[in-house]
Amino acid sequence: MTEVTYPHVGSTRTGQLPSGYRHLRHRTRIGGGEETLARAGEAILTFRMHRAIGARISADSGRAAPGVLLTVGLGPLRAPCEVVWTVEEGDRIGFAYGTRPGHPATGEEAFVVERDEHDHVWLTVTAFSRPAGRLMRVAGPVAVMFQHAFARACGSALRRLSKR
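Here is a short report on the structure shown in this document. Going along each chain's sequence as written, the residues are numbered from 1 onward. Only residues with pLDDT of at least 70 get local features here, since the model is predicted, and only at 80 or more are side-chain atom pairs given and counted; chain-wide, interface and lining totals rely on the full set of residues. Heavy atoms from the whole structure form the basis of all side-chain values; hydrogens and water molecules are not counted.

### A closer look at unusual backbone geometry
Rules: Secondary structure is summarised from DSSP: a helix means a run of H or I of at least four residues, a strand means a run of E of at least two, and numbering begins at the N terminus for each. Accessible area is worked out with a 1.4 Å probe on protein chains only. A residue is then buried under 20% of its type maximum, exposed over 50%, and partly exposed in between.
The phi dihedral of Phe 47 falls on the positive side, at around 70 degrees, and the residue is not glycine. Tracing the backbone shows Phe 47 in the loop between helix H2 (34–45) and helix H3 (48–52). A relative accessible area of 1% places Phe 47 in the buried class. For Asp 119, which is not a glycine, the phi torsion comes out positive at approximately 70 degrees. Relative to the elements of secondary structure, Asp 119 occurs in the loop between strand E6 (105–115) and strand E7 (120–131).

### Some thoughts on the packing of aromatic side chains
Where we set the bar: For this analysis, a ring pair means two rings from Phe, Tyr or Trp (six-membered ring only for Trp) whose centres lie within 6.5 Å, classed as stacked if their planes differ by under 30 degrees, edge-to-face if by over 60, and tilted for the remaining angles. For a Lys NZ or an Arg CZ to count as sitting over a ring, it must be within 6 Å of the ring centre and within 35 degrees of the ring normal.
The full count for this structure, using the stated rule, is seven aromatic pairs. On the basis of an interplanar angle of 80 degrees and a centroid distance of 5.7 Å, the ring pair of Tyr 6 and Phe 128 is categorised as edge-to-face. With Tyr 6 in the segment before helix H1 (11–14) and Phe 128 in strand E7, this pair connects stretches of sequence that are 122 residues apart. Take Tyr 6 and Phe 128: they sit in the same class, and that class is buried. By way of ring pairs, the aromatic residues Phe 47, Phe 95, Tyr 97, Phe 111 and Phe 150 are connected into one cluster. The lysine or arginine in question, Arg 130, covers the ring of Tyr 21, its NZ or CZ lying 4.0 Å from the ring centre.

### Concerning the environment of Gly 67
Note the threshold: Between two residues, a contact is recorded if the distance between any of their heavy atoms is within 4.5 Å.
Mapped onto the elements, Gly 67 comes out in the loop between strand E2 (56–59) and strand E3 (69–74). Taking relative accessible area as the criterion, Gly 67 reaches 33% and is therefore assigned partly exposed. Residues Gly 67 and Val 84, spaced 17 residues apart in sequence, show a C-alpha to C-alpha distance of 6.2 Å. When residues no more than four places from it in sequence are discounted, the contact partners of Gly 67 are Glu 82 and Val 83.

### Focus on the sheet that holds E6
For clarity, the cut-off: Whether two strands pair comes down to DSSP finding at least two bridges between them. Fitted lines through C-alpha atoms serve as axes, helices being fitted only where they are in contact, and the angles separating the N-to-C directions of these axes extend from 0 to 180 degrees.
Taking strand neighbours across the sheet as the criterion, the seven strands line up as E1-E7-E6-E5-E4-E3-E2 in an open arrangement whose pairing is antiparallel. Two strands lie at the open edges of the sheet, namely strand E1 (22–32) and E2, each paired on one side alone. Averaged over all pairs of adjacent strands, the angle between strand axes in this sheet comes to 20 degrees, irrespective of strand direction. Where strand E4 (residues 77–89) lies against strand E5 (residues 92–99), eight bridges are found, and the strand directions are antiparallel. Counted as the bridge partner of Val 87 is Gly 94 from E5. On top of the sheet, H2 reaches E1, E4, E5, E6 and E7; it is set at about 160 degrees to E6, its chief contact.

Dropping the structure here:
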């Protein structure tokens, strides 16, 4: 791990989100079946899901793995992050990134696709965050709406990508 800006690394993996942060849990049904899970998981791990919603991803690897440094750009915003954990086991595939210095927020966000006992495939976006500086504090409710819209967009993009 390099220089993440929060002490609760891995909390999105356990689901025990720390207090003092805004929490986000958003779930989108992607489809069904093992092939859908595999395609969706690959789109998440290779950052294709992020790129499909218009995010500019600059990463020091083409695939998510702990320690991979990346910058997520949306519009004029550039957000330095680091992949803090990945999962590729059974019916769960995904990763989380944590914020690094220069990110407008402090926290962690996870993107995990899972196949349930009914063969339904779901994307779950889990995050905890708080403003890292004055800009995000001023943005307040707009920033929260943006984070929710981002999670919904990820679900829509992943649904499209997993059908190909």
